[in-house]
Amino acid sequence: MSDIRHLVRIQSSAEKIYAALTTQEGLASWWTPMVTARPEAGTIASFHFGPTYTKEMKIIKLVLNKEVSWQCTAATEEWLNTDIHFYIRPYEKGVELFFEHNNWKDFTEMFSQCSFDWAMFLRSLKLYCETGKGKPYPDYF
């Protein structure tokens, strides 16, 4: 199996980053503005990218200000049953966010594209947490 991993240092508080990863308002500010989500384990968050493409994530684990874990339940075939983890750790100037998107079946072109896209969206998350303005879909480039 293949995994995507990124480490981002963010000059912000763990509370701000956790809210950006768990609340509808936060997620809309850095990933896609078309989102329906609640910060409750066991619920499904829906992320819409344009009129015809949706990703759904089951919220698997929430540890206040430390960890957020999802499992993909609806998307393109290659995303199905992959796991996404955000680990929030203290750092000397704020927080380190360690990101994993695990359990890809193979190293494919889609995997490579998603690794790049995640890097861009994590940059958007960093911008949002540091400045109050992210670059969510479709403006993330």
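This section reports on the structure supplied with the text.

Reading guide: rules and limits
- Residues numbered from 1 in each chain as written.
- Predicted model: local features only at pLDDT ≥ 70, side-chain atom pairs only at ≥ 80, totals over all residues.
- Heavy atoms only, no water.
- Phe/Tyr/Trp six-rings, centres within 6.5 Å; stacked < 30°, edge-to-face > 60°.
- Helix = DSSP H or I, 4+ residues; strand = E, 2+ residues; numbered from the N terminus.
- Buried < 20%, exposed > 50% of the residue type's maximum accessible area, 1.4 Å probe, protein only.
- Core = buried A, V, L, I, M, F, W, Y, C linked by side-chain atoms within 4.5 Å.
- Contact = heavy atoms within 4.5 Å.
- Salt bridge = Lys/Arg side-chain N within 4 Å of Asp/Glu carboxyl O.

1. Considerations on the packing of aromatic side chains
Inspection of the entire model under this criterion finds 20 aromatic pairs. Ring centres of Trp31 and Trp70 lie 5.7 Å apart, and the angle between their planes is 15°; this geometry places the pair in the stacked category. Note that Trp31 is positioned in the loop between α2 (24–30) and β2 (35–36) and Trp70 in strand β5 (residues 67–74), a separation of 39 residues in sequence. Here Trp31 and Trp70 have matching classes, each one buried. Geometrically, the ring pair formed by Trp79 and Trp118 is tilted, given 6.1 Å between the ring centres and 35° between the ring planes. In this pair, Trp79 is assigned in the loop between β5 and β6 (83–91) and Trp118 in helix α3 (residues 109–131), connecting sequence segments 39 residues apart. Each member of the pair, Trp79 together with Trp118, is buried.

2. Considerations on the nonpolar core
Core analysis: the largest hydrophobic core is formed by 40 residues, its most contacted members being Trp30, Trp31, Trp70 and Phe86. The leading source of residues in this core is α3, at nine residues. Those residues in contact with Trp31, other than ones at most four positions away along the chain, are Phe47, Phe49, Lys55, Met57, Trp70, Trp79, Trp118, Phe121, Pro136 and Tyr137.

3. Focus on the pattern of salt bridges
In total, this model carries eight salt bridges according to the counting rule given. Put simply, Glu96 and Arg9 hold a salt bridge, and the shortest N to O gap is 2.9 Å. Remark: Arg9 occurs in strand β1 (residues 2–10) and Glu96 occurs in strand β7 (residues 94–104); sequence separation between them is 87 residues. Residue class for Glu96 comes out buried when judged on its relative accessible area of 11%. Of the residues examined, Arg9 reaches a relative accessible area of 42% and is grouped as partly exposed.

Honestly, it's all geometry; don't read function into it.
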